[in-house]
Amino acid sequence: MTARARRVAGVALRRASQAAWSAGLGLRPRGVRRAAWARALRAACEDLGPLWIKLGQLLSVRPDLAAPEVVAELERLQDRVPPVSLEAVRAVVRAELGAPPEELFATFDPEPLAAASIAQVHRATLAAPYRTVAGTRLPAGTPLAVKVVRPGIADAVAADLAWARRWAARLERNVAARRWRPRALLAEFEASLARELDLRHEGRVADRFARDFADDPVIVVPPVVWRHTTRRVLTTVYLEGWRLTELGPAQRAGIDARALAVHGAEAFLRQVLEHGRFHADLHPANLLVTPEGRIAYLDFGIVGTTTPAQRDAIAHLLVATAFGDPERALRASRALGLVVPPAVEAAVRRGVDDLLRRHLAADRRLPDGTRAPSDLRGFALGFLRLLSDVRVPIPEGYGLLVKALATVEGVARALVPDVDVLEIARPYVTRRVAVQLLRPERLRERAGAAARAFLHEMMA
């Protein structure tokens, strides 16, 4: 057994022993047992380092691959590690940009703002004026955030991936594990990690998002300073603001929190249904509320995409969900690649109908008698669990989208606890579906069927 395998086995055994004890050696209630094992998995990822932390983060945005308890626990993964030395940072910046940071920037703070497993961020200020790709002129002295990939991390990740590939191939031969497609999941994870290790990719995505929302006075994306950006260094404008978890009563008093929550939800729908790319990792650390009352998007490491056909199907799915129509929801899901075998179709339909009643019904009430806002997260994660229980394969990208929709609800409620995201979405998606149905090509497509139905009714 290699040193790496011994280390993984040691961590797994230690954390599994702790979980078994917390679970009462299998004697405590099922929910307690599952929560204990989820905590152990999260702690093991943190113990094992960057690759495993990133794998856990990927699973946290893929509820189609993990139980709700595991998803909830992995969302708490602490991707915070001791920072590397200033000399190590200076060496990376010199290698990438040709000079140490003290010569490139007017100021460069030796203490990092944040240190994570892949990179750490330092504050700096612009030494000379710069014009962004959008044409905005940044004056000298503009505050900057300089993200630097940790030295040696690429080699460490490559070694861990080589080991993981061997184990994924072994797991693929196990019938019970094969349904999780270990090699396909690892390949998806490798592609995501490769993008994260090349900071130019994050910069390009950030610029695209900024262009998508150039006409929106509420949404802001930090401009990229490409003069000081390479594979291992990303320099953007530094934005002041509060994380949603830090937005207390004093800050709320100065902004229209409900208007921001509504606008943020609509901005996400625009990402999915108009622009075809959406921020898929909207946890509170990746969003700021600026002193001017704007929403700032940060960290574009995990981004989902949608094709025109998928956007049409997603709009129909959201309309069906908003109006509590399980049959239409399943039809729209089929258009997104979800294949429900006839043998379990009735069970799935009953399950969806039950989820709609429990989480989205208009007559749901809070203990004080007021109407309960829609529980989109409960519905979305419940639907994925239902599909998993009946062994229906979930299409690539479907789980990521469903989790992103559920996360948007959580983000909106961090601003306004009683906001109803489904009520916000209903008029938007209804208008979009109406526009789809009135397209000339769609009218021509449906004209024949409409005429036959009319003749059938007239002659009956």
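Data block above holds the structure.
The shown structure was predicted, so the numbers you read here are calculated from the model rather than taken from an experiment.

Asks: Can you walk me through the overall build of the protein in this structure?
Replies: Each helix and strand in the protein was counted, giving 19 helices and 13 strands. In the protein, which comprises 460 residues, the share counted as buried stands at 48%. Here the protein has roughly 22,600 Å² of accessible surface; of this, 58% comes from carbon and sulfur atoms.

Asks: Explain the environment of Leu405 to me, please; I cannot follow it from the model alone.
Replies: Among the secondary structure elements, Leu405 is positioned in helix H17 (residues 398-415). Residue classification places Leu405 among the buried positions, given a relative accessible area of 15%. Between the C-alpha atom of Leu405 and that of Leu282, which follows or precedes it by 123 residues, the distance is 9.8 Å. Those residues in contact with Leu405 that sit more than four places away from it in its chain are Phe268, Leu318 and Leu376.

Asks: How should the packing of aromatic side chains be read in this particular structure?
Replies: To describe a pair of aromatic rings, one takes the distance between the centres and the angle between the planes. This model, assessed by the stated rule, comprises six aromatic pairs. Pairing Phe209 with Phe300 gives two aromatic rings, centres 4.8 Å apart and planes at 50°, and the pair type is tilted. With Phe209 in helix H10 (residues 199-212) and Phe300 in the loop between strand S12 (295-297) and strand S13 (303-305), this pair connects stretches of sequence that are 91 residues apart. Residues Phe209 and Phe300 agree in their burial class; the two are buried. By way of ring pairs, the aromatic residues Trp52, Trp163 and Trp167 are connected into one cluster. When the ring centre of Trp167 is taken as origin, the NZ or CZ atom of Arg170, which lies over that ring, is 4.8 Å away.

Asks: Looking at this structure, how should I read the pairing of strand S3 (residues 119-125)?
Replies: A regular strand places its side chains on the two faces of the sheet in alternate fashion. Counting buried residues along S3, five of its seven residues qualify, which places the element largely inside the surrounding structure. Relative to S3, strand S1 (residues 107-108) runs antiparallel, the two sharing two bridges. Looking at S3, one finds that Thr107 is bridged to Thr125. Two strands pair when backbone bridges link them, and strand S2 (residues 114-115) and S3 are joined in this way by two bridges, in the antiparallel orientation. Across the sheet, residue Ala115 finds its bridge partner in S3, namely Gln120.

Asks: Sorry if this is basic, but what is going on with the pattern of salt bridges here?
Replies: Opposite charge on two side chains permits them to pair, given that their charged atoms come into close proximity. Per the counting criterion, the structure on display carries 25 salt bridges. Glu190 is paired through a salt bridge with Arg165; the nearest N and O atoms lie 2.8 Å apart. Within this pair, whereas Glu190 is found in helix H9 (residues 182-197), its partner Arg165 is found in helix H7 (residues 153-172), the two being separated by 25 residues in sequence. Since its relative accessible area comes to 41%, Arg165 is described here as partly exposed. With a closest N to O distance of 2.8 Å, Asp418 and Arg258 form a salt bridge. In this pair, Asp418 sits in the loop between H17 and helix H18 (421-437) while Arg258 sits in helix H12 (residues 257-275), placing the two residues 160 residues apart along the sequence. Overall, Arg258 belongs to the partly exposed group, its relative accessible area being 40%. What you see here is one network of salt bridges that share partners, running through Asp215, Asp216, Arg270 and Glu274.

The rules behind these values
- Every chain's residues receive numbers from 1 upward, in the order its sequence appears when written.
- Per-residue local features are limited, in this predicted model, to residues with pLDDT of at least 70; the limit for side-chain atom pairs, both in listing and counting, is 80 or more; totals at the level of whole chains, interfaces and linings are taken over all residues.
- Note that water and hydrogens are dropped before the side-chain values are worked out from all heavy atoms of the structure.
- Helix numbering and strand numbering both begin at the N terminus, where a helix is a DSSP run of H or I of at least 4 residues and a strand a DSSP run of E of at least 2.
- Classification of residues uses two cut-offs on accessible area relative to the type maximum, computed with a 1.4 Å probe and protein chains only: under 20% is buried, over 50% is exposed, and between them is partly exposed.
- The Shrake-Rupley method, run with a 1.4 Å probe, gives the accessible areas here. Residue values count only the displayed protein chains as cover.
- It only takes one pair of heavy atoms within 4.5 Å for two residues to be counted as in contact.
- In this analysis, rings of Phe, Tyr and Trp, with Trp reduced to its six-membered ring, are considered paired at centre separations within 6.5 Å, and the interplanar angle assigns stacked below 30 degrees, edge-to-face beyond 60, and tilted for intermediate values.
- A positively charged side chain is recorded as over a ring if its NZ (Lys) or CZ (Arg) lies within 6 Å of the ring centre. The angle to the ring normal must also be within 35 degrees.
- The pairing criterion for strands is at least two bridges between them, as found by DSSP.
- Only one rule defines a salt bridge in this text: a Lys or Arg side-chain nitrogen within 4 Å of an Asp or Glu carboxyl oxygen.

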